[in-house]
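Commentary on secondary and tertiary structure
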Amino acid sequence: MARVLVAYATKHQSTAEIAQAIAGELRARGHAAEAAEAGHATADGFDAVVLGSATYAGRWRREARHFLSHERDRLAKMLFWVFSSGPIGEPKPDAPPDDDKWLEPRKVIEQAEALGVREHVVFGGRVPQDPGNFVERAMLQNTPEDYQDLRDWDEIRAWAGRIAEALTT
Ligand SMILES: Cc1cc2nc3c(=O)[nH]c(=O)nc-3n(C[C@H](O)[C@H](O)[C@H](O)COP(=O)(O)O)c2cc1C
């Protein structure tokens, strides 16, 4: 059994729910996992970390960026995984080739890779349901309902399941 911290950074809670689903799946598979806000968490005392952030305008939330840099010495010595959550709306077949930097901030991924991250993935996100500004309100109004929540819970649980296996072997 491994002690696993699932640290997350969110603005509108959809990433928190992904982190809770990951922690739940890890617990179901016999590990001691807890989800916690990255801004209030430390990797100290854990065997492994999953770190996730919502992506806004091509950037991770500040709390997740800070966690990655403050905890870098510990992360370098432990097993850790990273996820970004973001893509929403109708798929864009004509997306430019560098579109991926909006999904996974490159600098963050380079830092995580330098520390030996096991895997980094992107999960679909959810359009803010409680818009706090004009841009978010426009996004909610302009995104068809079917494309507002692109979180794929089977995909998320399957990823957590693979982490659980890696922690067991
Ligand atoms: C103003 C704004 C900018 C966004 N920018 C990005 C982006 O650059 N890349 C991306 O993948 N998703 C982007 N999104 C989608 C969010 O990442 C998505 O809504 C996410 O699920 C929000 O997570 P949260 O509920 O945990 O805050 C953006 C959303 C808003 C409202």
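Refer to the preceding data block for the structure.
Anyway, here's the lowdown on the structure attached to this text. Quick caveat: nothing in here was measured; it's all calculated off a predicted structure.

Turning our attention to the overall build of the protein chain. Per the secondary structure count, the protein chain includes 7 helices and 6 strands. In terms of overall size, the protein chain behaves like a compact globule, its C-alpha atoms giving a radius of gyration of 16 Å where 169 residues would be expected to give roughly 15 Å. Counting only C-alpha atoms and orienting by the principal axes, one finds that the protein chain spans roughly 45 × 30 × 30 Å. Counting every position in the protein chain, which comprises 169 residues, the buried fraction comes to 44%. Across the protein chain, the fraction of contacts at a sequence separation of at least 24, relative to all contacts at a separation of at least 6, is 77%. As presented, the protein chain carries roughly 9200 Å² of accessible surface, and 48% of it is formed by carbon and sulfur atoms. The centroid of the 21 positive side-chain charges in the protein chain is displaced by 6 Å from the centroid of its 27 negative side-chain charges.

Moving on: the pairing of strand 6 (residues 120-123). Alternating positions in strand 6 separate cleanly, V121 and F123 being buried on one face and H120 and V122 remaining unburied on the opposite face. As judged from the 4 bridges shared by strand 5 (residues 79-85) and strand 6, these two strands associate in the parallel manner. Following the sheet pairing, V82 is matched in strand 6 by H120.

Regular strands have side chains that alternate between both faces of the sheet. Within strand 1 (residues 3-9), 6 of the 7 residues are buried, which leaves the element mostly enclosed by the surrounding structure. The pairing of strand 1 with strand 2 (residues 32-37) spans 6 bridges and is parallel. Note on strand 2: the bridge partner recorded for V4 is A33. You can see the chain leave strand 1, run along helix 1 (residues 14-28) and come back into strand 2, and the turn it takes is right-handed. Pairing between strand 1 and strand 3 (residues 48-56): 6 bridges, direction parallel.

Once that is clear, we can look at the site of the ligand. As a matter of local geometry, the ligand sits amid 23 residues, with T10, T15, T55, Y56 and W102 nearest to it. At 2.5 Å from an oxygen atom of the ligand is found a side-chain nitrogen or oxygen belonging to T10. Here an oxygen atom of the ligand and a backbone polar atom of G58 are 2.7 Å apart. Burial of the ligand by the surrounding chains reaches 90%, relative to a free accessible area of 640 Å². Assessed atom by atom at 2 Å from the grid points, the ligand resides in the largest pocket. Within the residue set of the shell around the ligand, elements represented by two or more residues are helix 1, strand 3, helix 4 (100-103) and helix 6 (134-142). Residue classes in the shell around the ligand are distributed as 10 nonpolar, 10 polar and 3 charged.

Here H12 shows up in the loop between strand 1 and helix 1. Accessibility expressed as a relative area gives 11% for H12, which makes it buried. For H12, the contacting residues outside a window of four places in its chain are Y56, R126, P128, D130, G132 and E136.

Let us look at helix 1. Over its 15 residues, helix 1 extends 21 Å from the first C-alpha to the last, a length consistent with the 21 Å expected when each residue adds 1.5 Å. All buried positions along helix 1 are accounted for by S14, T15, A16, I18, A19, I22, A23, E25 and L26. The inward-facing, buried residues of helix 1 abut strand 1, strand 2, strand 3, strand 5, strand 6 and helix 7 (153-168).

The rules behind each value
Residues numbered from 1 in each chain as written. Predicted model: local features only at pLDDT ≥ 70, side-chain atom pairs only at ≥ 80, totals over all residues. Heavy atoms only, no water. Helix = DSSP H or I, 4+ residues; strand = E, 2+ residues; numbered from the N terminus. Rg over C-alpha atoms; globule rule 2.2 N^0.38 Å. Buried < 20%, exposed > 50% of the residue type's maximum accessible area, 1.4 Å probe, protein only. Contact = heavy atoms within 4.5 Å. Areas by Shrake-Rupley, 256 points an atom, 1.4 Å probe, with all protein chains shown as cover. Lys, Arg positive; Asp, Glu negative; His and termini not counted. Charge placed at Lys NZ, Arg CZ, Asp CG, Glu CD. Pairing = 2+ DSSP bridges. Right-handed = clockwise from strand over helix to strand, strands pointing away. Near = heavy atom within 4 Å. Polar contact = N/O pair within 3.5 Å; in protein donor to acceptor, adjacent residues only side chain to side chain. 1 Å grid on protein atoms, 1.4 Å probe; cavity = no way out; pocket = protein on both sides within 12 Å on 5 of 7 lines; lining within 4 Å. Sits in = over half its atoms within 2 Å of the grid points. Nonpolar A, V, L, I, M, F, W, Y, C, P; charged D, E, K, R; others polar. Expected span 1.5 Å × (residues − 1).

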